Structures are given as C-alpha cells and as structure tokens.
Amino acid sequence: MDSRELIKKALEAKEKAYVPYSHFHVGAALLTEDDTIYTGCNIEIASYSPTLCAERTAIFKAISEGHTKIKTIAVVGDSTPTYPCGVCRQVIREFGKDAKILIANSEDDYKEYTIDELLPHSFGPEDLDNAKK
Ligand code: THU
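The rules we used
- Residue positions are given per chain, counted from 1 along the sequence in the order it is written.
- Restriction of local features to residues with pLDDT of at least 70 applies here, the model being predicted, together with a cutoff of 80 or more for giving and counting side-chain atom pairs; totals for whole chains, interfaces and linings are based on all residues.
- Here the side-chain values reflect all heavy atoms present in the structure, with hydrogen atoms and water set aside.
- Note on aromatic pairs: the rings of Phe, Tyr and Trp (six-membered ring only in Trp) are paired at centre separations within 6.5 Å, and the planes decide the class, stacked below 30 degrees, edge-to-face beyond 60, tilted for the rest.
- Only runs of H or I of at least four residues qualify as helices and only runs of E of at least two qualify as strands under DSSP, and these elements are numbered from the N terminus.
- Expected span of a helix, by definition, is 1.5 Å for each gap between consecutive residues, and there is one gap fewer than residues.
- Throughout this description, buried means an accessible area under 20% of the type-specific maximum (1.4 Å probe, protein chains only), exposed means over 50%, and partly exposed covers the range between.
- The arc under discussion is defined with respect to the helix axis, by the directions toward the C-beta atoms.
- In this description, contact between two residues means that some pair of their heavy atoms is separated by no more than 4.5 Å.
- Each polar contact in these results corresponds to two N or O atoms within 3.5 Å; when the atoms are within protein, one needs to be able to donate a hydrogen and the other to accept it, and residues that are neighboring in sequence are counted only if both atoms are side-chain atoms.
- Nearness is defined per residue: one heavy atom within 4 Å of the molecule or strand is enough.
- To be clear on the numbers: accessible area is Shrake-Rupley with a 1.4 Å probe, and residue cover counts the displayed protein chains and nothing else.
- Basically, the charged four are Asp, Glu, Lys and Arg, the nonpolar ten are Ala, Val, Leu, Ile, Met, Phe, Trp, Tyr, Cys and Pro, and anything else, Gly included, counts as polar.
- Definition of nonpolar core: a set of buried residues of the types Ala, Val, Leu, Ile, Met, Phe, Trp, Tyr and Cys, connected through side-chain atoms within 4.5 Å.
- The working definition used for a salt bridge is a side-chain nitrogen of Lys or Arg within 4 Å of a carboxyl oxygen of Asp or Glu.

**Quick notes on the packing of aromatic side chains**
Thinking step 1. Considering all chains together, one arrives at two aromatic pairs under this definition.
Thinking step 2. A centroid spacing of 5.9 Å and a plane angle of 55 degrees characterise the contact between Y21 and Y48, whose relative ring orientation is tilted. Here Y21 is found in the loop between α1 (3–14) and β1 (26–32), whereas its partner Y48 is found in the loop between β2 (37–41) and α2 (54–64), with 27 residues between them in sequence.
Thinking step 3. Plain terms: the ring middles of Y83 and Y113 are 5.5 Å apart, the flat faces sit at 65 degrees to each other, and that makes the pair edge-to-face.

What follows is the structure, given as structure tokens:
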C-alpha cells in the first residue's frame, strides 16, 4: 500500500462524512503495523460536543479491532490542506509515535509529517512513568 493508495482511501472515506452542521467534510485512512487499512469520516451530532473527527473515527476503529500501532495516516478535508486538530494530534501521538502523517490535497499533492513536527514537546505515556506512586 503506497501513499497514493492510502490517500485514495481517505478521499473515499471523506465522501461518507456526516456533516449536516458544518458542511465540512474530512476523511482519514490509516495503515496498521500489519498493513490493515482502517478509514474514517467526521460525524457531527446536533448537540455538537459528541462530534468525532475523521482521524479519531479511523483510529478508534483500528484500536477496537486490536490494532494499536499506526504506521501511516492520511488526512484529506475541504480546506486544502486540512491538518488534524489538537485533540487528534494527541491521539495520533498515543498510537503513532513514529507514524508518517500524510496531509493531502489529492493523491499527487501531499506533504508528509511526523507527530513530533505537528505536536512538539508532547505529553505521552512515558511521562506517566514519572508519577510518584
Ligand atoms: N474535523 C475533522 O474531522 N478533523 C480535524 O482534524 C479537523 C476538524 C471535523 C470536525 C467537524 O466535523 C468539522 O471538521 C468542522 O470542525
């Protein structure tokens, strides 16, 4: 699965976005360590706060199926480019410390990032090792 194919999956997922309030469509597709693909779209709820971003939809689908390591995640949205929100960056940090993050406008037009670039000086699981017990 190359970057182009994963971005295509994200574009397909974007078509499924349930966005009656913002009308802003986002799609994500990720590759797990064993090359399983999970996709997600954003899902909006009338009371707003339960709304789920596309990235977290895809990631939580993967986690709930037992895949806890993300190798690559592609994101596409109605603004070109669409970058993951802060909450999604923290979730990517949890499951994709070494992941390639593809921020794509199209299959041929994308940039690649690491989570250290998108969320520098992050707080993560290792920090909890320093908890006073
Ligand atoms: N959204 C995402 O799906 N991913 C992001 O990282 C940015 C924001 C969604 C949430 C909401 O449905 C819409 O975009 C507008 O904020």
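Still more ground to cover, so stick around.
**Thoughts on α1**
Thinking step 1. In this model, α1 (12 residues) spans 16 Å end to end at C-alpha, consistent with the 16 Å of a helix rising 1.5 Å per residue.
Thinking step 2. Every buried residue of α1 is accounted for by S3, L6, I7, A10, A13 and K14. Here the buried residues of α1 occupy an arc of 115 degrees about the axis, which is enough to place them on one side.
Thinking step 3. Buried residues belonging to α1 abut β1, β2, β3 (70–77), β4 (100–106) and β5 (109–113).
Thinking step 4. Here α1 starts with a cap whose side-chain oxygen sits 3.3 Å from the backbone nitrogen of R4, and that cap is D2.

**Considerations on the site of the ligand**
Thinking step 1. Around the ligand, the neighbouring residues are S22, F24, V26, N42, E44, T51, C53, A54, E55, Y83, P84 and C85.
Thinking step 2. Here an oxygen atom of the ligand and a side-chain polar atom of N42 are 2.9 Å apart.
Thinking step 3. Backbone polar atom of A54 to an oxygen atom of the ligand: 3.0 Å apart, as the coordinates give it.
Thinking step 4. For the ligand, whose free accessible area comes to 370 Å², the fraction covered by protein is 78%.
Thinking step 5. Here the shell around the ligand is composed, by residue class, of seven nonpolar, three polar and two charged.

**Brief notes about the nonpolar core**
Thinking step 1. By size, the foremost hydrophobic cluster in this structure holds 20 residues, and its most contacted members are L30, I59, I70, I73, I92, I101 and I115.
Thinking step 2. Elements supplying a minimum of two residues to this core: β1, α2, β3, α3 (86–95), β4 and α4 (115–118).
Thinking step 3. In this view, I70 contacts L30, L31, I59, F95, G96 and A99; residues no more than four positions away in its chain are not counted.
Thinking step 4. Counting residues in each nonpolar core, the second largest holds nine residues, with L6, A29, A74 and V76 among its members.

**Some words on the pattern of salt bridges**
Thinking step 1. All chains considered together, the criterion is met by seven salt bridges.
Thinking step 2. For R4, the salt bridge identified is with E107, shortest N-O distance 3.7 Å. Note that R4 is positioned in helix α1 and E107 in the loop between β4 and β5, a separation of 103 residues in sequence.
Thinking step 3. Owing to a relative accessible area of 38%, R4 belongs among the partly exposed residues under this scheme.
Thinking step 4. Taking the relative accessible area as the measure of exposure, E107 reaches 22% and is therefore partly exposed.
Thinking step 5. Across the pair D35 and K71 runs a salt bridge, and its minimum N-O distance is 2.7 Å. With D35 in the loop between β1 and β2 and K71 in strand β3, the pair connects residues that are 36 residues apart, well separated along the chain.
Thinking step 6. Judged by relative accessible area, which is 43%, D35 ranks as partly exposed.

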